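Survey of secondary and tertiary structure
Okay, here's what each chain looks like letter by letter:
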Amino acid sequence: MPYMAYVDQYGQLLQMGQDARQMILTPALCRAARGLLDWTQIDLAERSEVSRSTIRDFEGNRHDIHRATAAQLRRAFEEGGVMFMDVDGCGMGVCQRNGSLPKA
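The following paragraphs examine the structure supplied in this document.

Thresholds applied
- Residues numbered from 1 in each chain as written.
- Predicted model: local features only at pLDDT ≥ 70, side-chain atom pairs only at ≥ 80, totals over all residues.
- Heavy atoms only, no water.
- Core = buried A, V, L, I, M, F, W, Y, C linked by side-chain atoms within 4.5 Å.
- Buried < 20%, exposed > 50% of the residue type's maximum accessible area, 1.4 Å probe, protein only.
- Helix = DSSP H or I, 4+ residues; strand = E, 2+ residues; numbered from the N terminus.
- Phe/Tyr/Trp six-rings, centres within 6.5 Å; stacked < 30°, edge-to-face > 60°.
- Arc of directions from axis to C-beta.

All right, on to the nonpolar core then. Ranked by internal contacts, the top residues of the largest apolar core, which has 19 residues, are Leu-25, Leu-44, Leu-73, Phe-77, Val-82 and Phe-84. Elements with a minimum of two residues in this core: helix H1 (27-37), helix H2 (41-48), helix H3 (52-59), helix H4 (67-80) and strand E3 (82-87).

Here's what the structure looks like:
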C-alpha cells in the first residue's frame, strides 16, 4: 500500500504508477490522528523520529513536509492504532482500529 501521493506545484495529483487511492497527509489529518490517540506533538515526535518543530510547523500550515517525513508520521500513527481511509464523497479521514485505545 503506498503511503503518499506526489502533488506537483500546481496541486495536481501524480499517480507515479501506484494505486489510485493515494494518501495525502494534511495538517488537519495529522492533528486529528493525534487527537484520536491523545498524543501531544512531543509524543508524535518521539514515536515517529520527526522533530517536534517540524510537526508544529506542518500542523500550523507554516510549511509542507517531505514524503519520507509524512511516511514516518503515518507509520507512527498506524502503529499507535490509527487507520487512514478514503471516505467516498468526503476525502481522507482517520479512525481508530477496533480494539485500539489511546496509550496513556
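Inspection of every chain in the model, using the stated rule, returns two aromatic pairs. Taken together, a centroid distance of 5.9 Å and an interplanar angle of 20° make the contact between Trp-39 and Phe-77 stacked. With a gap of 38 residues between them, Trp-39 in the loop between H1 and H2 and Phe-77 in helix H4 connect regions that are remote in the sequence. As far as the burial class goes, Trp-39 and Phe-77 line up, both buried. An angle of 55° between the planes, with centres 6.1 Å apart, marks the rings of Phe-77 and Phe-84 as tilted. Here Phe-77 falls in the buried class, since its relative accessible area comes to 0%. The exposure class assigned to Phe-84 is buried, which follows from its relative accessible area of 8%. Members of the aromatic cluster, each reached through a chain of ring pairs, are Trp-39, Phe-77 and Phe-84.

The next point concerns H1. Count 3.6 residues to each turn of an α-helix, and residues three or four apart come out pointing the same way. Buried within H1 are the following residues: Pro-27, Leu-29, Cys-30, Ala-33, Arg-34 and Leu-37. Seen end-on, H1 carries its buried residues on one side only, within an arc spanning 165°. Directly beyond the C-terminal end of H1, a positive phi value near 55° is found at Asp-38.

Note that all results are geometric; they support no functional claim without further evidence.
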